[in-house]
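# Coordinate inspection notes
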Amino acid sequence: MTRFVSLVLLPLGLAAIGVVLIWTFYLAATGEAGARLADLALARVPETGVSNPVTSVLLNYRAYDTLLELAVLLAALLGIWSLGPAAPGFQRGGEILQGMVDWFVPLLILAAGYMLWVGAYAPGGAFQAGALLGSAGVMLALAGYPSAGLPSERLLRLLSILGILAFCLVGLVLMVLGLGFLTYPPELAKWLILLIETGATLAIGVTLAAAYLGGRPDHTSEVDAP
Amino acid sequence: MISTQLFYGGGGILLLLLGLWSFLVHAPLLRKLIALNVMGAGVFHILVATAYRGLDTPPDPVPHALVLTGIVVAVSATALALAFGQRLDRDDDR
């Protein structure tokens, strides 16, 4: 690509797109708001079993979406595993790093449990909790634990599909009961959502940590996780 | 405060365009990947800005949920792309 194209033509074109985008956004933000999903979504939150509107969108109104989201995560993990074994890990961290990791990993796991529970009525939920679990795994990997605290391959495979498994089982049981796939009865919704979110949290955390390793787990040089 | 919303959304559009420019201009895979992530951050900004409905009304939860899942998917897609790039590098060395 010539300098003229990349420094003159392309920025001009992008600036034109930007003007159109900003104009559209301005009109959307200032114009008369038509019927929006927000009012409908907020009005029916009490029936969803959780009082946090974002969680009710994720796990109730748009549960299909979240199920497919988890499938995307699993597909990415399978893609990474299909590329071969992970690169050799980092060397063992020094004493100070080890001390910090020993403190932080349990705290992160605790915070993930809190996030999972608090998601029912305040900002939080499966994705945030899963991200915290994943970051605990990344921290372990950086400190020189080659398996990033992940369990044996067999258990790892089970954990990585746990979110989809919980979703599909709940959906199929509800279907058998004649309610329709993922149509929760309001009196059970809270517990079904909690069940699915627990599975999803573990699956997301394990997937992110395993994705960080960048390849199929190699357990030949196993070091016990703390 | 409509200006806050416009500022935030405009910032998102700016990030989107900067990311798109970098994605088109730079050849190395890693730079393209970083550019894609910057674009993604811009899209998330725009979505969060559209969810804003004034200080007195609660924000629209639907775009918030989209951003939440989008972040995790963006991270996993980045990890997959990095793994592909690493494998390509390894094969080139042979």
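As the structure is a computational prediction, the values presented were derived from the model and not from experiment.

The next point concerns the UniProt feature "transmembrane region" (unreviewed entry) in chain A. All names here are of chain A. Following the UniProt record, the feature "transmembrane region" (unreviewed entry) maps to residues 67-88, 100-120, 126-146, 158-182 and 188-213 here. Secondary structure content for residues 158-182 is 72% helix and 0% strand, while the C-alpha to C-alpha distance between its ends is 22 Å. What you have in residues 188-213 is 96% helix and 0% strand, and the ends, taken at the C-alpha atoms, are 38 Å apart.

Further remarks concern a nonpolar patch on the surface. Residues and elements named next belong to chain A. Together, L97, M100, W103, F104, L107 and L110 make up an exposed nonpolar region whose accessible area comes to about 640 Å². Note that L97 resides in helix 5 (residues 95-118). Given a relative accessible area of 34%, L97 falls into the partly exposed group.

Residues and elements named next belong to chain B. On average, chain B scores 88 in pLDDT, and the residues at 70 or more come to 98%. Per-element mean pLDDT across chain B ranges from 87 in helix 3 (residues 61-93) up to 93 in helix 2 (residues 29-51). As a predicted assembly, this complex carries a pTM of 0.85 together with an ipTM value of 0.85.

On to the UniProt feature "transmembrane region" (unreviewed entry) in chain B, then. Residue and element names in this part refer to chain B. Sites flagged by UniProt as "transmembrane region" (unreviewed entry) map to residues 6-26, 33-52 and 64-84. Between the end C-alpha atoms of residues 6-26 the distance is 30 Å, and the span holds 95% helix and 0% strand. The distance from the first to the last C-alpha atom of residues 64-84 is 30 Å, and the span holds 100% helix and 0% strand.

Here we come to the packing of aromatic side chains. Residue and element names in this part refer to chain A. Overall, the coordinates contain two aromatic pairs over all chains when judged by the stated rule. Look at W23 and Y26: their rings are 6.1 Å apart centre to centre, the planes differ by 20 degrees, and that puts the pair in the stacked class. Separated by three residues within a single helix, W23 and Y26 lie in helix 1 (residues 3-30), roughly one turn from each other. Residue classification places W23 among the exposed residues on the basis of a relative accessible area of 52%. Above the plane of the ring of Y145 lies R92, whose end atom (NZ or CZ) is 4.4 Å from the centre.

Okay, the packing of helix 4 (residues 63-82) of chain A against helix 9 (residues 189-213) of chain A next. Pairs of packed helices are described in terms of their axes, by the angle between the two and the distance that separates them. All names here are of chain A. Two numbers describe how helix 4 lies on helix 9: the axes approach to 10 Å, and their chain directions differ by 30 degrees. With respect to helix 9, the axis of helix 4 lies roughly parallel. The chirality of how helix 4 crosses helix 9 is left-handed. Residue-level inspection shows L70, L73, L77, I80 and W81 of helix 4 in contact with helix 9, the latter providing A200, I204, T207, A210 and A211.

So, on to the side chain of T69(B). Of note, T69(B) is situated in helix 3. Classification of T69(B) by relative accessible area gives buried; the value is 3%. Reaching out from T69(B), the side chain makes a polar contact with the backbone oxygen of L66(B) at a distance of 3.1 Å. Contacts of T69(B), omitting those with residues within four sequence positions, involve L58(A), E69(A) and F127(A).

Using the residue numbers shown here, the UniProt feature "domain: Na+/H+ antiporter MnhB subunit-related protein" (unreviewed entry) corresponds to residues 96-207 of chain A. The distance from the first to the last C-alpha atom of residues 96-207 of chain A is 28 Å, and the span holds 73% helix and 0% strand.

Turning to helix 1 of chain A, a few remarks are in order. Taking 1.5 Å as the rise per residue, helix 1 of chain A with 28 residues should run 40 Å; its terminal C-alpha atoms sit 39 Å apart, in good agreement. Along helix 1 of chain A, the sharpest change in direction is near 30 degrees and occurs at L10(A); proline P11(A) comes one to four residues later. Considering only its buried residues, helix 1 of chain A is in contact with helix 1 (2-25) and helix 2 of chain B.

All names here are of chain A. Examined against the element boundaries, T207 turns out to sit in helix 9. Here A203 takes part through its backbone oxygen, which lies 2.5 Å from a polar atom of the side chain of T207. Beyond its immediate stretch of four places on either side in the chain, T207 contacts L73, L77 and S160.

Reading guide: rules and limits
- Residues numbered from 1 in each chain as written.
- Chains lettered and ligands numbered in written order.
- Predicted model: local features only at pLDDT ≥ 70, side-chain atom pairs only at ≥ 80, totals over all residues.
- Heavy atoms only, no water.
- UniProt positions renumbered as here; feature names shortened; annotations may be inferred.
- Helix = DSSP H or I, 4+ residues; strand = E, 2+ residues; numbered from the N terminus.
- Patch = residues over 30% accessible without salt bridge, like charges linked within 9 Å, V, L, I, M, F, W, Y side chains within 5 Å.
- Areas by Shrake-Rupley, 256 points an atom, 1.4 Å probe, with all protein chains shown as cover.
- Salt bridge = Lys/Arg side-chain N within 4 Å of Asp/Glu carboxyl O.
- Buried < 20%, exposed > 50% of the residue type's maximum accessible area, 1.4 Å probe, protein only.
- pLDDT = per-residue confidence, 0-100.
- Phe/Tyr/Trp six-rings, centres within 6.5 Å; stacked < 30°, edge-to-face > 60°.
- Lys NZ or Arg CZ within 6 Å of the ring centre and 35° of its normal.
- Axes fitted to C-alpha atoms, helices over the stretch in contact; angles between N-to-C directions.
- Parallel < 35°, antiparallel > 145°, perpendicular 65-115°, else oblique.
- Left-handed = near helix turned anticlockwise from the far one by under 90°.
- Contact = heavy atoms within 4.5 Å.
- Polar contact = N/O pair within 3.5 Å; in protein donor to acceptor, adjacent residues only side chain to side chain.
- Expected span 1.5 Å × (residues − 1).
- Bend = angle between axes of the 7 residues up to and from the residue.

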